[in-house]
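Commentary on secondary and tertiary structure
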Amino acid sequence: MTLSAHGLSVVRAGQAILYPTSVCVSPRDRIGLVGASGSGKSTLGHALVDDLRMQGHVVAYVPQSPDEALDPLWSMAFHWREAEKALGLRPGAADRKTLFSALKIEGGDLRKRPWAWSRGMQQRFVIAMALMGRPNLVVLDEPTSALDPVVAAATMQLLDHCLRESDTAMILITHDLGLAARHVSQLMVMDGGRIVEQASTEDVLEHPKAPASKALSAHRNWLALPC
Amino acid sequence: MISSVFDLVLRALIVLAGTALATFALLWHAPGDPALSIALARFDTLVTDEVIEMVREEAGLNIGFWPAFRAWIGPLLWFDFGNSSVTGREVLPDLLVAVSYTFPLAFAGLAFGVAVALLLAFVATKRPGGWMDRVAVGVASLGAAIPAYWLGLLLILLFAVHLAWLPAMGARTPAHAILPALTLGLGVAASLTRIIRSSILEARAQPFLPAIRRRGVPSSAIGRDHVAPHAAVPVITLVGLEMAFLLEGAVMVEIIFGRPGLGTFLVTAIEARDFPQVQAVVVLTALLFVTINLVIDVIYRVIDPRIGGQDA
């Protein structure tokens, strides 16, 4: 089933942060939402998640840092139960074992609170919570920028592995074209609150059309990031 | 957790010991002859030098500071506060009578104050910056600006004199406690409202709330599980401190309403330099503050184990 949201827009203090935008996502899509800081990537991500949820779709969201996903006063077990309840699942209904072993967090003590876990493990726990309801779409907002490069790469690989078997579509919000190139097949380039280019990852990287795409692509080359 | 609670108790005991020594020293070295004050309080007039010397000996004022301190602190460890220098009666029963007037009043005032503050704060935070918010903050500021002695008199004028609904003076029936409790409670409500309001607003601005909301957690559960516990920490501190102040004897309010209690007990004792009585009140006050602080610290650690710097 294709998910679509039309006319998403956000105005803050009289200024348009996001101009009316439509997004369509098919099952198993791997879409990268890229652009410079302040181009409206996160805003579009939030608006899209909220709109699709209102339509009744199961949409999961993973914020940039685990600090933005976990309440330091509650144990990991509490967060897990809370997420299950929010999805209308019985306690223990979500397949925790499989998810935890896929994301390599079986060793984590669920009775502990988030800050007793490493940040990498916290972030993978948040991803596990996002995937527990077999969502139609998961939106990840710079999911690895708070992690060190080694843990970040491992986390993305584990995420790829988890999504391989399911129909869940993924939107990866990032300003790191190298990361996008490794994990997504389409790119949406944002600039000034609008999507200025949408094409396959290869096209955008090799033949960028919009100025914003060219700038991003140029910086990628300059930084010699691997693709 | 257990070791940190042990640390807290140890710290509380040190504070108590220090308070006992400091108050004894202060009272001992206060200017004027305590024997003369005691003699005057006891015999009113006709105080000769012999009488003063006799009182000095009886009250144990002639044996030097450290022996006197030891003679006082030893029995105190078994809750023996000694006998009044003026009346010769045991201090503890009189102190308990005073407490039996002050504590219920203080708790009633606190309960009323917390209830009003919670109500005002919830109304205020429904729409921050809206007219209800401004009215609630205005009421709270007004409450903080009105001194207890004026508010008390105003309440007496309205409810006792004009409407004749409630008794104003004395402490014979529970109804006598209503006006003093209102006076105390409105003062408490004024300071609490602003703290509860700002704590709620601060707790609502926490970075993880949007993601929890996007997970589909209903807003009632978010308020209960993620806003209230974070907002509670500063509020608990203030409620504890207010409670300690109220228990210590709402001196002003007790005097306005002609109620017996710790306030009157303390003022009478200080005027007569009745060492055992004054020290009994001071020790009780210190004990209350230390106990309440201890309870607050333990509650903190239960809500947020990061406080106190140990692992989960």
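Residues numbered from 1 in each chain as written. Chains lettered and ligands numbered in written order. Predicted model: local features only at pLDDT ≥ 70, side-chain atom pairs only at ≥ 80, totals over all residues.

A closer look at the overall build of chain A
- For chain A, the count of helices and strands is eight helices and eight strands.
- Compactness check: chain A gives a C-alpha radius of gyration of 17 Å against a globular reference of 17 Å for 227 residues, within 12% of the reference.
- Considering chain A as a whole, with its 227 residues, one finds that 44% of them fall into the buried category.
- Counting only contacts in chain A whose residues sit at least 6 apart along the sequence, the fraction spanning at least 24 positions is 67%. (Helix = DSSP H or I, 4+ residues; strand = E, 2+ residues; numbered from the N terminus. Rg over C-alpha atoms; globule rule 2.2 N^0.38 Å. Buried ≥ 20, exposed ≤ 12 C-beta atoms within 10 Å, placed from the backbone. Contact = placed C-beta atoms within 7 Å.)

Observations regarding the overall build of chain B
- What chain B contains, in helices and strands, is 13 helices and zero strands.
- For chain B, the sequential pattern of α-helices and β-strands runs α-α-α-α-α-α-α-α-α-α-α-α-α.
- Dimensions of chain B, computed from C-alpha atoms along their principal axes, come out at roughly 85 × 60 × 30 Å.
- Out of the 312 residues in chain B, the part that is buried amounts to 33%.
- The long-range share in chain B, meaning contacts at least 24 apart out of those at least 6 apart in sequence, stands at 71%.

Quick word on the confidence of the model for chain B
All names here are of chain B.
- Chain-level pLDDT for chain B is 82 on average; 96% of the residues reach the 70-or-more range.
- Averaged over each element, pLDDT in chain B is lowest for helix α2 (residues 34-43) (72) and highest for helix α9 (residues 209-214) (92).
- Predicted complex, confidence summary: ipTM 0.86, pTM 0.76. (pLDDT = per-residue confidence, 0-100.)

Some details on the interface of chain A and chain B
- With 18 residues of chain A at the contact, the number on the chain B side is 15 residues.
- Ranked by the residues each element gives to the side of chain A that touches chain B, the list is headed by helix α2 (residues 76-86) of chain A, at three residues.

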